[in-house]
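Chain residues, written in single-letter form:
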Amino acid sequence: MANREKLTIVADDAALARVVTNLVIGEAQVALNARGRFDLALAGGTTPKAAYAMLAEEHRTTLDWSRVRFFFGDERCVPPDSTESNYRTAHDALLGPLDIAGARVFRMRGEDQPAAAAAAYAQVLRHELTGDAAGTPTFDLVLLGMGPDGHTASLFPGEDPRVGDDDLVRAPYVAKFATHRLTLTPRVIDAARVVAIATAGDAKSDALHAVFDGPSDPATYPIAILAPASGDLRWFVDRAAAAKLAR
Ligand code: 6PG
């Protein structure tokens, strides 16, 4: 059962974009002050687009973006210029408008053979990120969304997300989409200093109710597997997504 104390309910999409933007800027300043760089894993899907645009529009000069490195929580197995690509979504809304140098953007290569792309990205994480005490590469902030079925990143229902958790990046076959995906594993997500889940809309209300008000059931709702060891897991949802939460 997710922790209600870590849940922020906001009015609508615009308010959600605002709180996510403020979170990213706040965590970036903490990381830059503490370690001189900010390693951020971006969420895919559509929900974060408004926050990405707000970051680019409002914070071009309020943050030293040259010390921010961008990674991805998951990716579709498509080329980077595909409209389905999470990289393209982030590039169009954030990375391009901020003129982020390619050397500071570490995309998952969705155009490559899935298993090879997953193994290659695991090597990128090992090489670029500092490991925690268990040797797991550590992000400063992992942004995530949630699907109506309770998936997050590309951890989908039907397979226990704990399976094979000795790896860092996985290439599951997602039957509902008849395609492979690339995704960080719960092990990597949980190693982050901060994990922030942002979700909106009434289509997410049943999954949110199950995760917050029901027993933990990661096989059915994979997002329920997330339990950062020492990091902070925070939820940001709009009223529509929160509509079925127990009072
Ligand atoms: C993806 C995402 C996925 C997404 C949810 C919510 O590649 O699609 O990583 O986990 O966050 O499906 O998507 P929306 O924000 O579009 O509702």
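Residues numbered from 1 in each chain as written. Predicted model: local features only at pLDDT ≥ 70, side-chain atom pairs only at ≥ 80, totals over all residues. Heavy atoms only, no water.

The subject of this paragraph is the site of the ligand. Around the ligand, the surrounding shell holds 15 residues, and the nearest of these are T47, D74, R76, H151 and A153. Here H151 contributes a side-chain N or O atom positioned 2.7 Å from an oxygen atom of the ligand. Compared with its free state, where it exposes 410 Å², the ligand has 88% of that area covered by protein. Most atoms of the ligand, that is more than half of them, are within 2 Å of grid points of the largest pocket. (Near = heavy atom within 4 Å. Polar contact = N/O pair within 3.5 Å; in protein donor to acceptor, adjacent residues only side chain to side chain. Areas by Shrake-Rupley, 256 points an atom, 1.4 Å probe, with all protein chains shown as cover. 1 Å grid on protein atoms, 1.4 Å probe; cavity = no way out; pocket = protein on both sides within 12 Å on 5 of 7 lines; lining within 4 Å. Sits in = over half its atoms within 2 Å of the grid points.)

Our focus in this paragraph is the pattern of salt bridges. Scanning the entire structure with this criterion turns up 21 salt bridges. Of the charged contacts, one joins R193 and D140 as a salt bridge, the two residues approaching to 2.8 Å between their closest N and O atoms. Placement of R193 in the loop between helix 5 (186–190) and strand 9 (194–199) and of D140 in the loop between helix 4 (114–128) and strand 5 (141–144) is noted, with a sequence separation of 53 residues between them. Residue classification places R193 among the partly exposed positions, given a relative accessible area of 34%. A residue is classified by how much of its surface remains accessible, and D140, at 4% relative accessible area, is buried. Close ionic contact of R234 with D232 constitutes a salt bridge, the shortest N to O distance being 2.6 Å. Take D232: its relative accessible area is 17%, and that puts it in the buried class. Beyond isolated ion pairs, a larger network of salt bridges with shared partners links K6, E27, D232 and R234. (Salt bridge = Lys/Arg side-chain N within 4 Å of Asp/Glu carboxyl O. Helix = DSSP H or I, 4+ residues; strand = E, 2+ residues; numbered from the N terminus. Buried < 20%, exposed > 50% of the residue type's maximum accessible area, 1.4 Å probe, protein only.)

Time to look at the nonpolar core. For soluble globular proteins, nonpolar side chains are generally found buried alongside one another. Ranked by internal contacts, the top residues of the largest apolar core, which has 79 residues, are L125, F139, L143, L184 and W235. Top contributing element to this core by residue count: helix 1 (residues 13–35), with 9 residues. Setting aside residues no more than four positions away along its own chain, L125 makes contact with F71, P137, F139, L168, V169, L184 and V188. (Core = buried A, V, L, I, M, F, W, Y, C linked by side-chain atoms within 4.5 Å. Contact = heavy atoms within 4.5 Å.)

This part covers the sheet that holds strand 1 (residues 7–10). Here we have 6 strands laid out as an open sheet, ordered 1-10-9-5-2-3, and parallel in their pairing. Each edge of the open sheet carries a strand with a single partner, namely strand 1 and strand 3 (68–72). On average, adjacent strands in this sheet sit at an angle of 20 degrees to one another, irrespective of strand direction. Direction of pairing for strand 9 relative to strand 10 (residues 232–238): parallel, over a ladder of 6 bridges. By the bridge assignment, V194 is partnered in strand 10 with D232. Where helix 6 (residues 205–213) meets the sheet, it contacts strand 1, strand 9 and strand 10, and its direction lies at approximately 145 degrees from that of strand 10. (Pairing = 2+ DSSP bridges. Axes fitted to C-alpha atoms, helices over the stretch in contact; angles between N-to-C directions.)

In this section: the side chain of D140. At 2.7 Å, the side chain of D140 forms a polar contact with the side chain of R35. Polar side-chain contacts of D140 include one of 2.7 Å to the backbone nitrogen of D39. Setting aside its immediate chain neighbours within four residues, D140 contacts A31, R35, R37, F38, D39, R193 and V194.

A few words on the packing of helix 1 against helix 2 (residues 49–58). Look at helix 1 against helix 2: their axes get within 8 Å of each other, and the N-to-C directions meet at 60 degrees. The angle between helix 1 and helix 2 places the two elements in the oblique class. Note that helix 1 runs across helix 2; the crossing there is right-handed. Of helix 2, the residues touching helix 1 (which contributes A14, A17, R18, V20, T21, V24 and I25) are A50, A51, M54, L55 and E58. Within the contact of helix 1 with helix 2, the residues separate by chemical class into 9 nonpolar, 1 polar and 2 charged. (Parallel < 35°, antiparallel > 145°, perpendicular 65-115°, else oblique. Left-handed = near helix turned anticlockwise from the far one by under 90°. Nonpolar A, V, L, I, M, F, W, Y, C, P; charged D, E, K, R; others polar.)

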